[in-house]
Amino acid sequence: MSTLVVQDEASEERHRFIEKLTPYLFISPWILGFLFFTLGPLIFSFIMSFYDWPVVGERTFVGLQNYEVMLTEDPLFWDSLWITVKFGLFFVPFNVILGLLLAVLLNQKVFGTGVFRTIFYLPSVISGVALVTIWAWIYSHEYGILNFLLGLAGIEGPNWLGDPNWSLLAIVIASLWGLGGTMLILLTGLQSIPKELYEAAKMSGVPAWARLIYITIPMLSPMLLFTVITSIISAFQQLTIALLLTGGGPLESTYFFAMYIYDNAFKYFEMGFAAANSWVMFLIILVLSMLVLKSSSAWVYYEGEMKNSEAADD
Amino acid sequence: MTRALTYGALLFLSAMFIIPFYWTFITAVKSIGELYQFPPVFWPDEVMWDNFVTAWFKQPFDVYLKNSVIVVILSTIGQLFSCSLVAFGFARFKFRGRDAIFVLLLSTMMIPWDVKMIPLYMEFNMLGWINTLKPLIVPAYFADAFFVFLLRQYIMTVPIEIDEAARMDGANSWQIYWRIHLPLMMPALVLVGTFHFMNAWNDYLGPLIYLNDQSKYTLTLGLSMFKGLHETDITSIAAITVVLCIPPLILFFFAQRYIMDGSIGSSVKG
Amino acid sequence: MKKRLKQLAMVTAVTSMALGGASAAFAEEVLRFATWNSSENLAILQEISKRFEAANPGVKVQVESYGDGYDKKLIAAFGAGNPPDVMYMWNYPKYYKSLMPLDELMARDAESMDLEDIPAGLINTTRIEGKAYGIPAGFTTHVVFYNKDMFEAAGVAEPKTGWTWSDLREKAAQFRDEGSKTYGFAVEAKPDPYDYEQFFWSNGTRFIAEDGSSVDGYMNSPEAVEVLTMFAEMAKNEEATVLGIGDSTSGSALFKGSKLAMFQSAMWSKGGIDKAGINYGVAMLPAFGDKPVHSSIGASAMSVAKATKNPELAWEFVKFYASPEAVKLRENDLPIRTSVAEEMNLTADPIYKPFFEMLALSDRESNAFLKHKNWSKIQTNLERAIEATMIEKGNAKKHLDSAVARSKRHLK
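Rules used in this analysis
In this convention, every chain numbers its residues from 1, walking through the sequence in written order. Here the convention is simple: chains get letters from A, ligands get numbers from 1, in the order in which they are written. Only residues with pLDDT of 70 or above have their local features reported here, since the model is predicted, and side-chain atom pairs are shown and tallied only from 80 upward, although totals for entire chains, interfaces and linings are computed over all residues. With hydrogens and water stripped out, all remaining heavy atoms of the structure feed into the side-chain values. Counting from the N terminus, the helices are the DSSP runs of H or I reaching at least four residues and the strands are the DSSP runs of E reaching at least two. Burial classification: accessible surface area is computed with a 1.4 Å probe over protein chains only, and a residue below 20% of its type maximum counts as buried, one above 50% as exposed, and the rest as partly exposed. Whether two residues are in contact is decided by their heavy atoms: any pair within 4.5 Å suffices. Methods summary: accessible areas were calculated by the Shrake-Rupley approach with a probe of 1.4 Å, and residue burial reflects only the protein chains presented. In this tally, Asp and Glu contribute negative charge and Lys and Arg positive charge; neither His nor the terminal groups of the chain are included. For charged residues, the charge sits on one atom: NZ in Lys, CZ in Arg, CG in Asp, CD in Glu. Think of a salt bridge as a Lys or Arg side-chain nitrogen and an Asp or Glu carboxyl oxygen that are within 4 Å of each other. The pairing test for Phe, Tyr and Trp rings, Trp by its six-membered ring, is centres within 6.5 Å, and the orientation test on the planes gives stacked under 30 degrees, edge-to-face over 60, and tilted for anything in between. Either the NZ atom of lysine or the CZ atom of arginine qualifies as a charge over a ring when it sits within 6 Å of the ring centre and within 35 degrees of the ring normal. For any pair of parts, buried area is found by adding up, for both, the accessible area (1.4 Å probe) each one loses once the two are put together. For this analysis, a polar contact is any N or O atom pair within 3.5 Å, provided that within protein one partner can donate a hydrogen and the other can accept it, and provided that sequence-adjacent residues contribute only side-chain to side-chain pairs. Remark: nonpolar core denotes a set of buried residues (Ala, Val, Leu, Ile, Met, Phe, Trp, Tyr, Cys) joined through side-chain atoms within 4.5 Å. Should DSSP find at least two bridges between two strands, the strands are taken to pair. Axis lines are fitted through C-alpha atoms, for helices just across the contact stretch, and the angle between N-to-C directions can take any value from 0 to 180 degrees. One confidence number per residue, pLDDT, is output by the predictor and ranges from 0 to 100.

## Here we look at the overall build of chain B
Here is step 1: For chain B, the count of helices and strands is 15 helices and zero strands.
Here is step 2: Each principal axis of the C-alpha distribution contributes one length, and for chain B these read about 75 × 65 × 30 Å.
Here is step 3: The burial tally for chain B puts 61% of its 270 residues in the buried class.
Here is step 4: For chain B, long-range pairs separated by at least 24 residues make up 72% of all intrachain contacts whose partners lie at least 6 apart in sequence.
Here is step 5: Summed over its atoms, the accessible surface of chain B is roughly 10,600 Å², and 68% of this surface lies on carbon and sulfur atoms.
Here is step 6: Across chain B, the mean location of the 17 positive side-chain charges is 11 Å away from that of the 18 negative side-chain charges.

Below, the structure written as structure tokens:
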């Protein structure tokens with residue numbers, strides 16, 4: 001009850017205390033969840049990374065050995081990291097840009113756009129296992145529908161998933177089918193841009209492309225920041241599609257870092273090693289995200305920002 | 001002219017997005033004979049509608065449906081409440097440690113599940129939650145980082161003057177959250193709800209790890225049961241996949257309409 | 001059926017009464033049983049479990065099926081110390097430290113179980129460091145399925161006992177048709193090495209030394225190179241299509257669609273082929289020249305977790321699965337009991353006979369993964385060599401040598 005009339009010092013003290021406490025109360029669900037469900041496993045996995053930790057049997061402390069083997073002995077560590085980076089370089093920009101284009105295109109309240117939106121979201125609705133089965137049918141070299149269609153056009157399609165030169169691209173395309181989610185996020189963001197801005201710009205004869213660059217993108221930048229960061233994260237955590245579609249092959253051309261972790265944990269049962277892998281991946285994503293976040297002050301525009309530095313009442 | 005071009009491009013793109021779904025559908029209704037034919041059959045001679053019924057009754061899918069619905073509804077409610085509170089906290093207050101905590105929150109999105117799995121299992125086991133739906137529901141009441149981040153970004157596009165005006169009129173923080181921001185972020189909340197619905201509906205790993213008894217299984221787990229170690233029941237997978245797509249698609253169709261029409265943002269601003 | 005059930009219930013009721021205290025301890029017990037089986041196979045397991053429940057009042061068997069998520073589930077459960085009581089098992093090297101050795105119990109109950117009736121080659125698949133950690137419940141060997149109608153249409157003679165790979169290649173070549181995308185045979189570019197070792201054995205070599213000390217001279221031996229080279233040549237000459245590179249279309253799918261005249265597989269493909277209505281025959285694996293043929297044995301064995309609270313009940317359950325009554329119900333793999341196979345006339349049935357003939361020839365070798373604790377990592381290098389050979393359709397020697405070199409690190 002912040003409207004209470006302040007009568008004496010004690011109650012003012014109390015009032016200020018509550019004021020100070022309020023933000024923490026708002027974020028308390030997450031804090032509690034973090035303490036209950038995340039912190040423990042996090043510490044546990046950190047400790048685990050210094051152990052030789054088979055799923056069953058004896059667990060022995062090995063110090064930094066897991067990190068050492070990973071960085072110096074195991075060629076797959078660097079290979080898989082490089083493949084993941086290559087994937088991210090394609091996936092992140094395409095996911096954000098195509099998502100943005102679709103969102104802008106479908107932001108018109110014209111007949112039929114609702115149906116189109118639903119269509120583009122369709123692949124996001126299908127669960128991973130089924131989606132991969134579908135892609136396997138599409139990409140199949142001899143019996144696939146894609147090469148069948150290309151064949152009708154007189155083109156001999158490549159062995160999409162069997163040729164190391166094409167496989168990564170095939171995975172990128174399959175992953176981009178999920179951009180309906182990005183589209184929807186940006187579409188939602190577009191709704192909070194005041195229509196008046198566009199009307200004014202239109203009246204003064206600003207062309208459509210300029211409206212996109214000078215109004216839409218800046219006003220949408222908080223949401224764009226979100227999609228960039230979450231795209232980076234999902235690029236690094238890319239697993240299901242490659243695991244089920246190519247199993248990392250052919251010849252490890254789609255062996256992503258997340259699959260490296262997965263194999264160490266579930267194929268080789270080396271939980272300690274997998275934990276060490278995970279911590280390295282965690283740090284890489286964290287650094288990348290922080291870089292993006294730091295850069296965001298230059299390109300993200302917040303209508304309602306509460307900068308901690310310009311603290312008003314404390 | 002441009003309109004025609006736009007529609008053309010949209011139609012082409014949608015064809016590419018629809019084909020996978022269409023393929024699943026016709027696979028579901030094909031007879032075994034046509035399933036393996038090449039060149040592929042684009043419309044089966046005989047549409048086997050029975051395949052849906054057969055697949056559904058191969059496993060107790062009615063039980064799975066009940067479990068899935070319980071998980072999805074209860075966890076979505078939790079996610080909407082907790083995330084909107086937390087996002088509001090991060091977007092509209094200044095407090096000691098805010099930026100550091102926010103980075104911590106973001107970083108929780110980046111932890112690979114592989115290594116969290118065993119410790120989390122241990123924890124749920126100690127709580128006696130294994131083989132119950134609780135591990136799939138309760139954590140949703142403690143705000144998922146992805147959605148908090150999303151909502152925070154959305155709230156931050158709302159001009160701060162709105163809050164200030166309300167405070168002048170004597171509203172406290174809770175009232176500003178409840179009366180002003182909750183309605184304002186409705187489109188984003190619908191978005192979060194849709195996303196979470198989809199995640200919970202399609203979640204495979206969580207149910208696989210935490211549920212033991214078939215009477216506790218969810219739909220996705222049942223679907224995966226058609227894929228054994230050596231042989232796969234393709235027709236049943238396709239049929240159940242089609243069925244499982246329908247509720248999220250209907251939800252999505254209405255959600256996107258709401259997001260588009262229910263945009264109050266523009267009327268408050270300007 | 002019902003009557004037999006009743007009889008069984010009575011028999012067990014009597015036995016458990018004779019055992020006295022034991023049955024009281026079983027009261028209201030839930031026994032967790034995990035399997036990777038799904039669909040029809042799962043239904044069979046559920047049926048067997050129901051019968052066990054009927055025979056043991058107060059016991060509830062919770063059949064838990066995880067399909068191909070099986071390993072993930074077991075890892076989480078074992079890692080957190082909450083494993084199922086009884087489970088399907090094949091990966092003994094990874095799990096045996098948490099499994100109950102069964103030798104003593106087997107010795108104790110040898111007579112009532114009639115262990116003589118179960119071929120030794122089957123129990124050996126569960127043995128690690130000299131101890132048995134599982135009792136097989138069903139098994140399969142590997143064979144070649146062939147499409148009789150296609151053979152007849154092409155005027156090709158059907159495979160005969162004692163055939164060789166060159167016979168197979170000669171036949172296969174006659175089925176290739178580019179227009180209809182038909183092939184005579186299929187070779188795997190990404191096989192499960194567990195099933196692939198049979199070709200090494202049949203050509204007189206192994207993946208790894210018997211004592212697990214070395215792969216050099218085994219994995220890259222001239223005989224090994226010969227095996228890979230032969231498969232690569234079959235692909236090159238289009239005698240066979242290659243499965244697993246860029247195509248997850250399975251061999252069984254192609255066979256069911258009449259795109260393959262011959263298809264090497266095991267019992268797990270039979271059900272699907274039956275359902276697809278293919279008129280097929282079964283032949284033994286072909287031999288490499290005059291060398292003796294040897295098949296891998298895929299056994300679904302049942303293991304008991306060390307941590308189980310109810311080892312006696314768990315053991316009873318495992319025994320029940322190996323009993324003639326339960327073995328008879330397992331239509332989708334082969335009976336582990338010779339007596340049952342004979343009683344059901346399977347050994348004379350032309351479809352089933354080759355499986356048993358393969359079994360009779362397949363007790364000389366044990367699988368590589370039982371011989372070295374790092375085998376799963378070594379195996380990755382072998383898989384890579386096979387895949388690379390099939391992609392390049394040659395260079396087997398180079399790739400196998402590199403697999404050997406890459407494996408040194410893990411042999412320490």
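Resuming the write-up.
## Thoughts on the pattern of salt bridges
Here is step 1: A complete count under the given rule lists 27 salt bridges over all chains for this structure.
Here is step 2: A salt bridge links R409 of chain C to D74 of chain A, with the shortest nitrogen-to-oxygen separation between them at 3.6 Å. Of this pair, R409 of chain C sits in helix α20 (residues 396-411) while D74 of chain A sits in the loop between α2 (65-73) and α3 (75-105), on two different chains.
Here is step 3: With a relative accessible area of 7%, D74 of chain A lands in the buried category.
Here is step 4: Two residues, K319 of chain C and D109 of chain C, come together in a salt bridge whose shortest N-O distance is 2.7 Å. One end of the pair, K319 of chain C, is in helix α15 (residues 311-321); the other, D109 of chain C, is in the loop between α6 (103-108) and α7 (110-113), and 210 residues separate them in sequence.

## Structural notes on the packing of aromatic side chains
Here is step 1: Under the criterion given, the structure shown has 90 aromatic pairs over all chains.
Here is step 2: Of the aromatic side chains, those joined through ring pairs into one cluster are W165, F185, Y196, F199, F200, F207, F231, F288 and W375 of chain C.
Here is step 3: The positively charged end of K30 of chain B is found above the aromatic ring belonging to W23 of chain B, 4.9 Å away from the centroid.
Here is step 4: Geometry around F102 of chain B places R152 of chain B over its ring, the cationic atom sitting 4.1 Å from the centre.

## Quick look at the interface of chain B and chain A
Here is step 1: With 102 residues of chain B at the interface, the matching set in chain A holds 103 residues.
Here is step 2: For the pair chain B and chain A, the summed buried surface comes to about 9,600 Å²; carbon and sulfur atoms form 78% of the total.
Here is step 3: Linking chain B to chain A there are zero salt bridges.
Here is step 4: The interface formed by chain B and chain A holds eight residue pairs in polar contact (both at pLDDT 80 or more) in total.

## Regarding the nonpolar core
Here is step 1: Membership of the largest hydrophobic core comes to 332 residues, with the highest contact counts inside it found for F33 and F231 of chain C.
Here is step 2: Sequence-distant contacts of F231 of chain C, defined by excluding residues within four places in its chain, comprise W165, V187, Y196, F199 and M390 of chain C.

## Structural notes on the sheet that holds strand β3 (residues 86-89) of chain C
Residues and elements named next belong to chain C.
Here is step 1: Strand order in the open sheet formed by five strands is β2-β1-β3-β12-β6, with mixed pairing between adjacent strands. A strand with exactly one partner marks an edge of an open sheet, and here the two such strands are β2 (59-65) and β6 (135-140). Ignoring which end each strand starts from, the neighbouring axes of this sheet average 20° apart.
Here is step 2: As paired elements, strand β1 (residues 29-35) and β2 share seven bridges and run parallel to each other. Across the sheet, the residue bridging to R32 is Q62, located in β2.
Here is step 3: Helix-sheet contacts for helix α4 (residues 70-79) involve β1 and β3, and the interaxial angle to β3 is about 135°.

## Observations regarding the confidence of the model for chain B
All names here are of chain B.
Here is step 1: Summing up the model confidence of chain B, the mean pLDDT is 86 and the portion of residues at 70 or higher is 94%.
Here is step 2: Averaged over each element, pLDDT in chain B is lowest for helix α15 (residues 265-268) (42) and highest for helix α4 (residues 61-92) (95).
Here is step 3: In the model output, the complex is listed with pTM 0.86 alongside ipTM 0.85.

## Things to note about the interface of chain A and chain C
Here is step 1: Contact with chain A, which involves 31 residues of that partner, is made by 31 residues of chain C.
Here is step 2: When chain A packs against chain C, the two sides together hide about 2,700 Å² of surface, and 53% of this comes from carbon and sulfur.
Here is step 3: Residue K377 of chain C is joined to E270 of chain A by a salt bridge in which the shortest nitrogen-to-oxygen separation is 3.2 Å.
Here is step 4: Put simply, chain A and chain C have seven residue pairs in polar contact (both at pLDDT 80 or more) between them.

## Digging into the confidence of the model for chain A
Residue and element names in this part refer to chain A.
Here is step 1: Averaged over all residues, the pLDDT of chain A is 85; the fraction at 70 or higher stands at 94%.
Here is step 2: Looking across chain A, the model is least confident in helix α5 (residues 128-139), with a mean pLDDT of 77, and most confident in α3, with 93.
Here is step 3: Throughout residues 1-6 the model reports pLDDT below 50, and contacts reaching past four residues in sequence, or to other chains, amount to seven contacts.
Here is step 4: In this model residues 309-314 is a low-confidence stretch, pLDDT under 50, and it forms six contacts with partners more than four residues away in sequence or in other chains.

## Looking at the environment of L80 of chain B
Residue and element names in this part refer to chain B.
Here is step 1: By secondary structure assignment, the location of L80 is in helix α4.
Here is step 2: The class of L80 is partly exposed, set by a relative accessible area of 26%.
Here is step 3: Note: C-alpha distance between L80 and F147 (67 residues apart in sequence) is 8.8 Å.
Here is step 4: Other than its neighbours up to four places away in sequence, L80 contacts L189, V192 and G193.

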